[in-house]
Every structure is written in C-alpha cells, then in structure tokens.
Amino acid sequence: MRVVIVGGGFAAVQFAKTLRSKLRASECEILLFNRENHMVFHPLLADVAGASINADAAAAPLRQMLPGVGFRTERVQRIDLSSSEIEFDDGNGALTRLHYDHVVIACGAESNLGIIPGMSEHAFAFKVMRDAIDLRQHIVHQMEYAEASSDPDRRRWYLSFIIVGAGFSGAEVAGEINELVRSSTRFYRNFRKDDVVVTLVHSQDQILPEVATKLREFARKKMERAGITMLLNTRAVAATHEGVELNDGRMLLGATVVCTIGTAISPIVQSLDAPKERGRIRTAPDMRIEGQTNAWAIGDCAFTINAFDNKPSPPTGQFAERQGRQAALNLIRIVNGEATKSFHFKALGQLCSIGGYQAVAEMLGVHVSGFLAWLMWRGVYLFKLPTWSRRIKVALDWSWDVLLIEEGQVEILQKDPGTSDTKVVAVLGKGDFFGEGALLGNRPHETSIRARSAVRLRQIGSALFVQIAGSFAPLRELLVKAVTRGSDFWRRLPVSKSMLEGESIASFLDPLPAQLLTKETTFADAINALNESAAGNLLVLDENQRLWGTLDRGDLYQIIARIAVTSAETRGDISHLKLSDLLIPNSIFIALEDSALVASATMLDHGISWLAVVKSKDDPRPVGLLRGEKISKRMLERIAQGQPTQARVAS
Ligand SMILES: Cc1cc2nc3c(=O)[nH]c(=O)nc-3n(C[C@H](O)[C@H](O)[C@H](O)COP(=O)(O)OP(=O)(O)OC[C@H]3O[C@@H](n4cnc5c(N)ncnc54)[C@H](O)[C@@H]3O)c2cc1C
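Residues numbered from 1 in each chain as written. Predicted model: local features only at pLDDT ≥ 70, side-chain atom pairs only at ≥ 80, totals over all residues. Heavy atoms only, no water.

A. Local environment of the overall build of the chain. Across its full length, the chain carries 24 helices and 40 strands. Within the chain, the fraction of its 651 residues that count as buried is 51%. Counting only contacts in the chain whose residues sit at least 6 apart along the sequence, the fraction spanning at least 24 positions is 66%. Of the roughly 29,400 Å² of accessible surface on the chain, 50% is carried by carbon and sulfur atoms. (Helix = DSSP H or I, 4+ residues; strand = E, 2+ residues; numbered from the N terminus. Buried < 20%, exposed > 50% of the residue type's maximum accessible area, 1.4 Å probe, protein only. Contact = heavy atoms within 4.5 Å. Areas by Shrake-Rupley, 256 points an atom, 1.4 Å probe, with all protein chains shown as cover.)

B. Broad picture of the packing of aromatic side chains. For the structure shown, the criterion picks out eight aromatic pairs. Geometrically, the ring pair formed by tyrosine 145 and tyrosine 158 is tilted, given 5.4 Å between the ring centres and 45 degrees between the ring planes. Residue tyrosine 145 is located in helix α5 (residues 129–148), and its partner tyrosine 158 is located in helix α6 (residues 152–158); the two are separated by 13 residues in the primary sequence. In this structure tyrosine 145 comes out as partly exposed when scored by relative accessible area, which is 43%. The class for tyrosine 158 is buried, based on a relative accessible area of 16%. Each residue in the set Tyr145, Trp157 and Tyr158 is aromatic and connected to the rest through ring pairs, giving one cluster. Sitting above the plane of the tryptophan 296 ring, arginine 288 keeps its charged end 5.5 Å from the centroid. (Phe/Tyr/Trp six-rings, centres within 6.5 Å; stacked < 30°, edge-to-face > 60°. Lys NZ or Arg CZ within 6 Å of the ring centre and 35° of its normal.)

C. Region of interest: the sheet that holds strand β37 (residues 547–552). The mixed open sheet is built from three strands, whose spatial order is β35-β36-β37. Strands at the two margins of the open sheet, each flanked by one partner only, are β35 (517–518) and β37. Looking at chain direction, β35 and strand β36 (residues 537–541) are connected through two bridges and run parallel. In the sheet register, threonine 518 faces β36, and the bridge partner there is leucine 541. (Pairing = 2+ DSSP bridges.)

D. Focus on the confidence of the model for the chain. For the chain, mean pLDDT is 82; residues scoring 70 or higher make up 82% of the total. Taken together, the stretch residues 436–445 has pLDDT below 50 and engages in 21 contacts with residues farther than four places along the chain or on a different chain. Of the regions scoring below 50 in pLDDT, residues 644–651 engages in seven contacts with residues more than four places distant in sequence or in other chains. (pLDDT = per-residue confidence, 0-100.)

E. View of α5. Here α5 spans 29 Å end to end across 20 residues, near enough to the 28 Å set by a 1.5 Å rise per residue. Looking only at α5, the buried set comprises Met129, Asp131, Ala132, Ile133, Leu135, Arg136, His138, Ile139, Gln142, Met143 and Ala146. (Expected span 1.5 Å × (residues − 1).)

F. Representation of the sheet that holds strand β23 (residues 302–303) within the structure. The mixed open sheet is built from three strands, whose spatial order is β20-β21-β23. The open sheet has two edge strands, β20 (276–277) and β23, and neither has a second partner. Inspection of the sheet shows strand β21 (residues 280–282) paired to β23 by two bridges, in the parallel sense. Paired with arginine 282 across the bridge in β23 is phenylalanine 303.

G. Region of the structure containing the site of the ligand. Taken together, 31 residues sit near the ligand, with Ala11, Asn34, Glu36, Val76 and Asp300 positioned nearest. Take asparagine 34: an N or O atom from its side chain is 2.8 Å from an oxygen atom of the ligand. Contact distances for the ligand include 3.4 Å between an oxygen atom and a backbone N or O atom of threonine 316. Coverage of the ligand by the protein chains reaches 93% of its 990 Å² of free accessible surface. Of the residues belonging to the shell around the ligand, the class tally is 14 nonpolar, eleven polar and six charged. (Near = heavy atom within 4 Å. Polar contact = N/O pair within 3.5 Å; in protein donor to acceptor, adjacent residues only side chain to side chain. Nonpolar A, V, L, I, M, F, W, Y, C, P; charged D, E, K, R; others polar.)

H. Looking closely at unusual backbone geometry. One non-glycine residue, asparagine 233, lies in positive phi territory at about 50 degrees. Mapping asparagine 233 onto the fold places it in the loop between β14 (228–231) and β15 (236–239). Residue arginine 278 is not a glycine yet carries a positive backbone phi of 45 degrees. Mapped onto the elements, arginine 278 comes out in the loop between β20 and β21. On the accessibility criterion, arginine 278 (72% relative accessible area) is exposed.

I. Structural view of the pattern of salt bridges. Tallying each qualifying case throughout the model produces 25 salt bridges. Put simply, aspartate 286 and arginine 288 hold a salt bridge, and the shortest N to O gap is 3.0 Å. An identical accessibility class is assigned to aspartate 286 and arginine 288; each is buried. As a salt-bridge pair, glutamate 520 and lysine 578 come within 3.4 Å of each other at their nearest N and O atoms. Separated by 58 residues along the polypeptide, glutamate 520 in the loop between β35 and α18 (523–532) and lysine 578 in the loop between α20 (568–571) and α21 (579–582) bring together distant segments of the chain. For glutamate 520, a relative accessible area of 47% puts it in the partly exposed group. Residues participating in the shared-partner salt-bridge network are Arg78, Asp80, Glu85, Glu87 and Arg97. (Salt bridge = Lys/Arg side-chain N within 4 Å of Asp/Glu carboxyl O.)

J. View of the side chain of asparagine 34. Locating asparagine 34 in the fold gives a position in the loop between β2 (29–33) and β3 (38–40). Relative accessible area serves as the criterion here: at 10%, asparagine 34 is assigned to the buried category. A polar atom in the side chain of asparagine 34 sits 2.8 Å from the backbone oxygen of glutamate 36. Among the polar contacts made by the side chain of asparagine 34, one reaches the main-chain carbonyl oxygen of histidine 38 at a distance of 3.4 Å. Not counting the four nearest positions on each side in its chain, asparagine 34 is found in contact with Gly7, Gly8, Leu62, Phe71, Arg72, Thr73 and Glu74.

K. Representation of the pairing of strand β13 (residues 197–201) in the model. Of all five residues in β13, five are buried, a share of seventy percent or more. Every second residue of β13 is oriented toward a common face, with Val197, Thr199 and Val201 on one face and Val198 and Leu200 on the other, all of them buried. As paired strands, strand β12 (residues 160–164) and β13 are joined by five bridges and run parallel to one another. For isoleucine 163, the partnering residue across the bridge sits in β13 and is leucine 200. Between β12 and its parallel partner β13, the chain crosses via helix α7 (residues 168–184), and the hand of that crossover is right-handed. Pairing geometry for β13 and β14, over four bridges, is parallel. Counterpart to valine 198 in the pairing with β14 is isoleucine 228. As a crossover connection, the stretch from β13 through helix α8 (residues 213–225) into β14 is right-handed. (Right-handed = clockwise from strand over helix to strand, strands pointing away.)

Put into structure tokens, the structure is as follows:
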C-alpha cells in the first residue's frame, strides 16, 4: 500500500509518525511531499523575528523527524481524486504522475496580503521562515538607519513598527519586536527606549480572541506596560510606503508594517474537485474528504467538525496535530477492516508569548500568566523539537537554583578579595533574577544573596535555564547580568568603590518633595504636582505612609501615550483615573543605613538616575531622595584630589 502525504506541517508530521509506528515498511510505503525540507514551528517564528532564537531552532529537519518515511521536496501541483494520482513538478519543468492508495492533504493555508490594498508591496507577511528572517534583518536595518539619522521625525519613523492583527501571531510578533528594539537601545547613542513605537492594530475590542477574557486583559496590560500601543476596534484599510491608513482616517506612520491577518487557499486545494466550506476542504467526521474513500484532509486546509462540541475545528497547531494522529489511526482501522471513528478532541488549552519573558496560558482550565507561563510556553514547544526534547528532559532532572523575585527585596553581598569581608553591593527587587555566579560564566563563587525584607522567590531549574539561555540570547544576557551584578563595573573602579563603601547615604540625601502623593491621587493632580516640582521626582505613599511607588516625567509620558491611544469608551473619564490604576508599585528603594556604594550599584544595575530613600530596611517610610549625579560629582572630586595613580590604573 502506498500512502502519499501532501504537506509537512503539524498535521502531516503527526499523521506520518503515527502511521509509521503502527505499520511496518513492508506493509505500507509512506511518501511525504513538502516544499521545504523542514517543518516550521510557527509559534516560534516571532522569536526568530525578535532575534531570541536562531532560525534553525524553530525548524526541524523532516528527514530526521520521520525515520522510515520517504520524503520529497517537490511541489505537488494537482491531485486527481478520480484516478488516485498526484501530479508533481520534477524540478525540470516536467510533470510526473504518481499513483496512491491513500492520499492525505495537509497543505495548510497560505498568507494573503492582498486583502488590504498596499500590504503586498509595503508589509511583511508572517507565515513562513523566510518572513521571520527577512523581518529580523529589516528591524536591525531600521535601528541602524535611526542611529545615522539627524532628523528626529525620520528617526521616529524608522523606530515605529506597526503590527496588523492581534491574534496569536500578531501578539507574539509585537511582543518580540518591542523587546528586541527596546533592549537594543543600549547599544545605540542616537535614540532611547522612549523613541521606539510599537503599535498593534486590531479590529476587535480585545486582543487574543482565542484565550479567556482574564488572560487577554493580563496580556493587554503587560504589553501596554512594556510600551506597546494598542489600537483596538480599529482596522487598517491601506498600507503605503509611509505607514498604515486606518478606518477612522488617521495615518499611522512607521517604516515597518507586519500584516498577520489574511489567509488564502492553497492552489492545490483550489483546483481540487471536492466540496469546500469557506475555502477549506469539507470532510466526513472520520476526516476523509466528503464522498471519498481513500482521500483525507487534515489541519488548516480541512473543514472538520469536532465531535466533542460539534463545532468546526479551529486552524491551530494543536488541532492539526490531533487530526493527524486520529486520521492515521482511522486509516489503520480501515486496513484492519474496522469501523473508523469521528474526530473528537477536547483542546488542552492555549499558550501565547507576549514578549519580555511573559506569556499567557490556559492549560486544562487553569490560567497562568507571567514568567511562569512563558517558561511553560517555551517548554511545550521545545519538547516538540527532536533534539531539544532530549536536552530539556535531562535539564529537568538537575538541581533548581536560579531564582526569580516575585515579591520583596534581596541584597547582593560580595566578598572583598583583600580582606575577606562581605559587603552589600546592590539591591534587587520584584522581577529581578539571581543565581550562582558559576552557573553561566564559570566564575568563582564571590557573590551571595541575603533577604532584606520578606521575599517570595520562584525557583527555576538551573540546567533548564542554561539550556534555554544558551539558545535565547536576550535571556542569557539577562542572566549573565543577574549573576554578575555589581561586580564588573566596580572591578574597573577600585578607588571609587572603596570611597563609596565608606560614605553613608545621609550625606547625599535630598529632602522629601514638598508634595507627597498617594495611591488615591488623581492623574490630573499628579500632573500638576510634577509641573510644580523643580526636580520632577515624586513619591507615592500607601495608606500607612509607607513608600508605594515613584513618579517622574518619564513615567508621565508613558502614561499619557497609553491613554492617548485608548479609545474614549475604554479609558472612561481621565480626570477620575488614580495613580493606583496607572503605576506599577515600586520595588526598588534604598534604606538610610545603606552605603553610597549600594545605592550607586542599584541605580547602575537598573539603569535609573535617582532612588527613593526609606527610614530603614524594616520601616519603609520615605525620608528623602538620592540622585546619581550627586554621588558621581563627589566621586570625581575625590579622585581629582586624592589617588591619581589608582584612578589611572582603574581606567
Ligand atoms: C506566526 C504564527 C504563529 C502561530 N502561533 C500559534 C500558536 O501559538 N498556537 C497554535 O495552536 N497555533 C498557532 N499558529 C497556527 C498553526 O501554526 C497552524 O494552525 C498549523 O501550522 C497548521 O498546521 P498544518 O499542518 O495544517 O499546516 P502547516 O503547518 O501550514 O504546513 C503545511 C505545509 O504544507 C506545505 N505545502 C503546501 N502546499 C504544498 C504543495 N503543493 N506541495 C508540497 N508541500 C506543500 C507547506 O510548505 C507547509 O510546510 C500560528 C501560525 C502562525 C503563522
């Protein structure tokens, strides 16, 4: 018996694997045709575009995945259901015909930029590996052009990215682009994070229509906080060289447009003489094409009712895989003379990455969001890759020693090689990682960690992390930074280090701002307070007069940008918005008993120029502000007066 499979995606691979595992090569020849010699893991494409992973990590060689299955890269041109033959291009322009006993059509869908005028010429599609690689290169070029540009408007245009559609692929790619460009700003001099504009245009009132409302909300908030602008209930009506025209008449300017909406029927399906529903091939419940006994359709190209809920199967990887497996089992039933079964599948859940190591997940009815969901998301897809799965399994057996701070603060202690004394060198807060120095850089153990308040930590397998970090460059960078915190910079400036160690914070302290805000302060009052504040740094207190958050002009611009793009109905009356609705509670502050070294290292580590100072580690009532420039000035004065030889050595 010869079984021909057309396609090499989720559905086809699962079909071929299942069939091969049940029928010996002598019983059944399996021949799979796919245009490319690899299977693409679409959910990882956004990571390729965002430079988080290399292209080869999101594609698996089909020959390696499918031992015992014949594999051809010719493009199948036509399927003749009446004569049980396929016709394929032999590569020399001639058409070859091949007889089959069963054919399985699993050719997916094609992207279709033609649905919006101008998209074909000016936008990137996001469907195949080439799209992701081209997009990544294009993004890197835009950053280079922005660096070279002296015109602020042009620079902003280079750094503006418009993503049309906020389903899985749109949300994932927006998150990744945002993360890539914002985290790359530190390598450029001519632009900053604030210059980057990533806009997600979506025709419905909520993003990610595939997931539960609570998770959608979480995803939206997280993405907005990361700086992504959401234009909901808005449609793109045309694309030009300058950007995207919207249905409300506005023109969104941006050098990069990614269109994640619009699918087209594959030509092979178009020419197929079979019943169709909205372009997809209608199948019987057992996944054979309606009216056929030896032709099957599975995955995105098929219209199959799921017997679990009597609804059409959605075009997702999960359904495609499951159909592949169940259709293969049905074919075996036919071979064994048994009755076939209807396609029946209760979806396991949904996972979507939203950039910045965050994801939303709904697994077997449980909602998970944030970093843990992101790890789950990675885990699920890594497990599917043939070589990665082995690595991850080994990694999971290893010890657990990378920690993520979920609540509270810890301090980093470092041993002085000369005196063997241990001193606090920096403070970490919510969202920071830490781990053993030896973990990534094979450095001697010279750093330790101590809780400074009640903390909640999450343990993450070190081996798993190292495995992942090895291939996901930004994560590796983050971890290296986390485990080497506070050490590299000071190693190069020994004079300043010893000087700052001896300085108390009190000698640098600026008084508290004249006006202290509370969580209940309205946004309008906060703007007035900032307006009146010369320094532009304000503190927000909780009901017990403890420090709750901080506000400066940078925060203000971000909040305004967010409000400006939210539709009037969604945002409500701006004058009623309170700081507790708009700000993230502050996790980084410093206590009066800390040294100026701890304060400087903490500011350096978090890329900030000022810190709130509280009474003590146990009493987080604010007592003043500390500005980086004051410490730098004192350092320079001391170096100039004091130890020139050491200062030269240090530089
Ligand atoms: C960017 C992106 C992100 C996504 N994220 C998610 C997600 O997070 N979760 C989820 O569940 N789903 C996701 N999806 C959807 C999921 O990828 C698809 O539902 C799934 O790939 C469908 O599998 P398939 O086997 O039907 O088709 P495909 O995976 O598209 O494979 C079809 C294959 O057939 C080949 N082919 C087509 N015509 C021919 C021909 N004539 N001859 C030879 N070969 C041919 C193609 O080259 C292709 O390799 C995403 C999709 C995209 C594009």
